[in-house]
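Analysis of the macromolecular model
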Amino acid sequence: MERVYNFAAGPACMPEWVLKKAAAEMTNYHGCGMSVMEMSHRSAEFQEIIDSARDRLKRLMNIPEDYEVLFLQGGGSLQFIMVPLNLMQHKADIINTGQWTKKAIKEHKKLGEVNVVASSEDANFTYIPKIKQEDLSADSDYVYICENNTIYGTKYKQLPPHEGKLMVADLSSCICSERINVSDYDLIFAGAQKNMGPAGVTIVILKKSLLDIADQDKLPSMLSYKVHADKGSMFNTPPTYAIYMVGLVCQWLEEEIGGLENMEAINHKKAKMLYDYIDSSKLYTNNVAKEDRSYMNVPFVTGDKDLDAKFVAEAKKAGIANIKGHRTVGGMRASIYNAMPVEGVEYLIDFMKKFEQENA
Ligand SMILES: *Cc1c(COP(=O)(O)O)cnc(C)c1O
């Protein structure tokens, strides 16, 4: 069986270059006679792997010197409580753009006050609410957003106003998909399994000065950014193989793609092809406000539930996997992360055209 085009939202497709390299190095990594997953995390070989993954990510994203890069566990979801545990003194301003911010709001409320600055729930999260500085609470510690909303296919094209506040963003489904100015943020987190590698490791990028906010005597060690930072993400056994894979993905981005500027151009091209076709088609619609459309997740519907189900089933037979939409949205969703090649999107569009002709 050939490989399929996998449009899964996460865990998601990986660059074939990365999979092949990992396969070639599987049983005997660089002549050391064992696989990366068999190595001690205290070995010189693994130290080199984690250092190089961190260095590559810093180069790719142009991360300033006063930021710390951590490789943690617990997924994006642990960050919903780890962020307030480490940064919140009184209150957080959170903009509600869907399931991932709702979960963050729920966790934050266990520790302090939350001001839900704005919400797009009134339109099933099909747009990004625009806020003004005056909408923020006077006494909040930070503004929190989910930058790319994986389920609904919305994305912030610019950060909300946050003067005098820290800026915290969940980049789980858009990290390294485009160039960003890291210094516009105070803390970024992202589970790896959408754009950076396999599930099991979460990347946290935060300003070093933030490590001194929390009272370390009251914070569980495993939930302290400072503890992990002081130990170079090796306070306990880190997810060694997942970190190795993140390193390979970064190597692919640097050496095969040529950096985030090129990756961004490819991603914009893929998204434009798909949206242009959907907008021109009589069968499919994407309900997201045009200026807020995601480059990574493209939900679409035919307007007929049975026809959607038929689409998903026939797509699967044609080698298009995991195109079914999230249960709360319905229809279809094409997740076109970094690893989805342009040819995969072309193949999907050809299938959509054929399906439209046959079912118009
Ligand atoms: C997938 C996802 C999460 C949750 O990640 P887990 O690793 O499953 O905890 C959080 N935020 C966003 C934007 C996501 O896409």
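Remember, it's a predicted structure, so these values are computed and weren't measured experimentally.

1. Description of the site of the ligand
- Ser 77, Thr 150, Asp 170, Gln 193 and Lys 194 are the nearest of the 13 residues found near the ligand.
- Protein coverage of the free-state accessible area of the ligand, which is 390 Å², stands at 86%.
- In terms of residues, the shell around the ligand owes the most to one element, helix H3 (residues 75-87), which gives four residues.
- Residues that form the shell around the ligand fall into these classes: three nonpolar, eight polar and two charged.

2. Here we look at the UniProt feature "binding site: L-glutamate" (unreviewed entry) in the protein chain
- Look at the UniProt record and you will see "binding site: L-glutamate" (unreviewed entry) annotated at Arg 42.
- Residue position: Arg 42 is located in the loop between helix H1 (16-24) and helix H2 (44-61).
- Using a relative accessible area of 54% as the deciding quantity, one classes Arg 42 as exposed.
- Leave out the neighbours within four places in its chain, and Arg 42 touches Met 234 and Phe 235.

3. As for the layout of surface pockets
- As a volume, the largest pocket reaches approximately 320 Å³.
- In terms of lining residues, the largest pocket is bounded by 19 residues, among which Tyr 5, Glu 16, Ala 339, Met 340 and Pro 341 are the most central.
- Secondary-structure elements contributing two or more residues to the lining of the largest pocket are strand S1 (5-6), helix H6 (240-257), helix H7 (260-280) and helix H9 (342-359).
- Considering each element in turn, the lining of the largest pocket owes the most residues, three residues, to H7.
- Among the residues making up the lining of the largest pocket, the classes are represented as 13 nonpolar, two polar and four charged.

The rules behind the values
- Residues numbered from 1 in each chain as written.
- Predicted model: local features only at pLDDT ≥ 70, side-chain atom pairs only at ≥ 80, totals over all residues.
- Heavy atoms only, no water.
- Near = heavy atom within 4 Å.
- Areas by Shrake-Rupley, 256 points an atom, 1.4 Å probe, with all protein chains shown as cover.
- Helix = DSSP H or I, 4+ residues; strand = E, 2+ residues; numbered from the N terminus.
- Nonpolar A, V, L, I, M, F, W, Y, C, P; charged D, E, K, R; others polar.
- UniProt positions renumbered as here; feature names shortened; annotations may be inferred.
- Buried < 20%, exposed > 50% of the residue type's maximum accessible area, 1.4 Å probe, protein only.
- Contact = heavy atoms within 4.5 Å.
- 1 Å grid on protein atoms, 1.4 Å probe; cavity = no way out; pocket = protein on both sides within 12 Å on 5 of 7 lines; lining within 4 Å.
- Points joined across faces, edges and corners; volume = space filled by probe spheres on them.

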